[in-house]
Amino acid sequence: MSDKPIFVTQPSLPSLEEFIPYLEKIWESKFLTNGGPFHQQLEEALCEYLGVKHIALFANGTLALVTALQSLRITGEVITTPYSFVATSHSLLWNGIKPVFVDIDPNTLNLDPAKIEAAITPHTTAIMPVHCYGHPCDVSAVQKIADTYNLRLIYDAAHAFGVKDKNGSILRHGDLSVLSFHATKMFNTFEGGAIVCPDAKTKQRIDHLKNFGFVDEVTVVAPGINGKMSEINASFGLLQLKHIDQILAQRKEVDSTYRELLKGIKGIRCLQDAGEKVANYSYFPILVEADYPISRDALYQKLKDNNIFARRYFYPLISDFPMYRGLPSAHRENLPVATDAATKVLCLPIYPELTKEEQKSIIDLIRTY
Ligand SMILES: *Cc1c(COP(=O)(O)O)cnc(C)c1O
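The present account deals with the structure reproduced in this document. Throughout this document, residue positions are counted from 1 along each chain, in the order its sequence is written. Reporting in this predicted model follows two pLDDT cut-offs: at least 70 for local features of residues, and 80 or more for side-chain atom pairs to be given and counted; totals over whole chains, interfaces and linings ignore these cut-offs and use all residues. Side-chain calculation: all heavy atoms of the structure are included, whereas hydrogens and water are not.

**As for helix H9 (residues 336–344)**
- Type-normalised accessible area, obtained with a 1.4 Å probe on protein chains alone, sets the label of each residue: buried when under 20%, exposed when over 50%, and partly exposed for intermediate values. In this text, helices come from DSSP runs of H or I with a minimum length of four residues, and strands from runs of E with a minimum of two, each type numbered from the N-terminal end. Along H9, the residues classified as buried are Val337, Ala338, Ala341, Ala342 and Lys344. Take H9 and look down its axis: the buried residues cluster within an arc of 165°, on one side only.
- When checking whether two residues touch, look at their non-hydrogen atoms; a contact exists if any pair is within 4.5 Å. Buried residues along H9 sit in contact with strand S14 (284–288), helix H8 (296–305) and strand S16 (345–348). Arc definition: it is the arc formed by the directions from the helix axis to the C-beta atoms.

Here it is in structure tokens:
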């Protein structure tokens, strides 16, 4: 049994000394929020790092999702995945939009493009897929459907910071992509989020919407929200960005150690590794299949009894929560793959400081029963 608890994730923090100069600048300028210098610098730095054209920072990812939908004036029904964090669908309800759940692909656990068309109705206005665990959706198949039916496409890319396909950032796809910088995410600003958008005009509209709808001192063009990121969070983001490549390299190492150690354990399946794509190793999900000797929940409990706190991401499915389960699309018969995955998945601890010894002790517990 591990003597100190091992959680599924541990936020990466630079040293406190490194952060002090940023705080001193804020104290000197007395610029605390409202799009101050650090806010602007972080937007520019992220555009460069991620290889995207425009970014609007937010106080958190959920407000960014809510605002992304508003900026494109989405109404009616939106097709989305039940296999995600609940904020994905909540952002639809906050806009008075009806979520329509479509099943996922058994290999990627992302929205299955082959099942989208059957869910389209005259009320459908958009598709909101998730790059689950940072594994890219089949972006070209989804875009083709969006184009054919004239639907908007907003990616919940909360897990996909820094992920690339062979032609560049995964965040360039769709009309908008939304990031989360929550403490549990691989790039964090304590709380934070962003919308990635392709043109300056859309960014401007988003910037108005996140600031009460203000265009200038006396003009309000929409019932906007307060979604601004503060200078403290933005400055912390700039500092985090300095360390992100090292964090990625360490996560990659943890990921490949797990893959090596898990080889040949009957009944345990890893999701495909990134191959030629650039992954971010945000999560390490395993699927506990029927031929594993004990159930997923029994394994979860066994690890917990040994001070290892794996997480059942994503269980329960969003479609099983009370505010969604009455929807026709939420029926389990409509979502067999997602329902199955939710009973099998377990996310193992992954973060830069996780040692090889700790990984070995986790895998020993999984190997022996
Ligand atoms: C974390 C997360 C969110 C919400 O982001 P917050 O910054 O915590 O508001 C939304 N969608 C997914 C898939 C997430 O994992």
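**Let's talk about the pattern of salt bridges**
- By convention in these notes, a salt bridge is any Lys or Arg side-chain nitrogen within 4 Å of a carboxyl oxygen on Asp or Glu. For the coordinates displayed, the defined rule picks out 20 salt bridges.
- Two residues, Lys210 and Glu43, come together in a salt bridge whose shortest N-O distance is 3.7 Å. Residue Lys210 is found in the loop between helix H6 (200–209) and strand S11 (214–216), and its partner Glu43 is found in helix H2 (residues 37–50); the two are separated by 167 residues along the sequence.
- Owing to a relative accessible area of 10%, Glu43 belongs among the buried residues under this scheme.
- Among the salt bridges present, the one from Arg259 reaches Asp255, with a minimum N-O distance of 2.9 Å. Of this pair, Arg259 and Asp255 both sit in helix H7 (residues 231–262), four residues apart, roughly one helical turn.
- Counted as one network, the salt bridges with shared partners bring together Glu43, Lys203, Asp207 and Lys210.

**Comments concerning the environment of Leu287**
- Take Leu287: it is sitting in strand S14.
- Measuring from C-alpha to C-alpha, the distance between Leu287 and Arg269 comes to 5.0 Å, with 18 residues separating the pair along the chain.
- With residues up to four places along the chain from it excluded, the contact list for Leu287 reads Gly267, Ile268, Arg269, Leu271, Ala341, Lys344 and Val345.

**Topic: the packing of aromatic side chains**
- Only Phe, Tyr and Trp rings take part, Trp by its six-membered ring, and two of them pair if their centres are within 6.5 Å. Stacked means planes under 30 degrees apart, edge-to-face means over 60, and tilted covers everything else. In total, this model carries 18 aromatic pairs according to the counting rule given.
- Ring plane angle 85° and centroid distance 4.8 Å describe the contact between Phe190 and Phe236, whose orientation is recorded as edge-to-face. Of this pair, Phe190 sits in the loop between strand S9 (176–180) and strand S10 (193–197) while Phe236 is found in helix H7, placing the two residues 46 residues apart along the sequence.
- A network of ring pairs unites the aromatic residues Phe19, Tyr22, Phe38, Phe190 and Phe236 as a single cluster.
- Counting as a charge over the ring demands two things of the Lys NZ or Arg CZ atom: a distance within 6 Å of the ring centre and an angle within 35 degrees of the ring normal. Positioned above the aromatic ring of Phe85 is the side chain of Lys185, whose terminal nitrogen or guanidinium carbon lies 6.0 Å from the ring centre.
- Over the ring of Tyr315 we find Arg296, and its NZ or CZ is 4.9 Å from the ring centre.

**Observations concerning the sheet that holds S16**
- Here three strands make up an open sheet; going across it, the order is S13-S14-S16 and the pairing antiparallel. Both outer strands of the open sheet, strand S13 (268–270) and S16, are each paired with one neighbouring strand and no more. On average, each strand axis in the sheet is tilted by 35° relative to the strand beside it, whichever way the strands run.
- Note: two strands are recorded as paired if DSSP finds a minimum of 2 bridges between them. Of the pairings in the sheet, the one linking S14 to S16 comprises four bridges and is antiparallel in character. Residue Ile286 lies in a different strand from S16, and its bridge partner there is Leu346. Orientation is described by lines fitted to C-alpha atoms, with helices fitted over the stretch in contact, and by angles between N-to-C directions that extend from 0 to 180 degrees.

**Describing the site of the ligand**
- When at least one non-hydrogen atom of a residue lies within 4 Å of a molecule or strand, that residue is treated as near it. Contacts to the ligand come from 15 residues, most closely from Thr62, Asp156, His159, Ser180 and Lys185.
- Between the ligand and the protein, one listed contact pairs an oxygen atom with a side-chain N or O atom of His159 at 2.8 Å.
- Contact with the protein chains removes 92% of the 380 Å² of surface that the ligand exposes when unbound.
- Examining the composition of the shell around the ligand, we find that three residues originate from one element, helix H3 (residues 61–71), more than from any other.
- Residue polarity follows a fixed list, in which Ala, Val, Leu, Ile, Met, Phe, Trp, Tyr, Cys and Pro are nonpolar, Asp, Glu, Lys and Arg are charged, and the others, Gly among them, are polar. Across the shell around the ligand, the residue classes tally to four nonpolar, nine polar and two charged. Polar contacts here mean pairs of N or O atoms no more than 3.5 Å apart (in protein, one a potential hydrogen donor and the other a potential acceptor; neighbouring residues in sequence count only if both atoms are side-chain atoms). Here the Shrake-Rupley method, with its probe set to 1.4 Å, supplies the accessible areas, and only the displayed protein chains count as covering residues.

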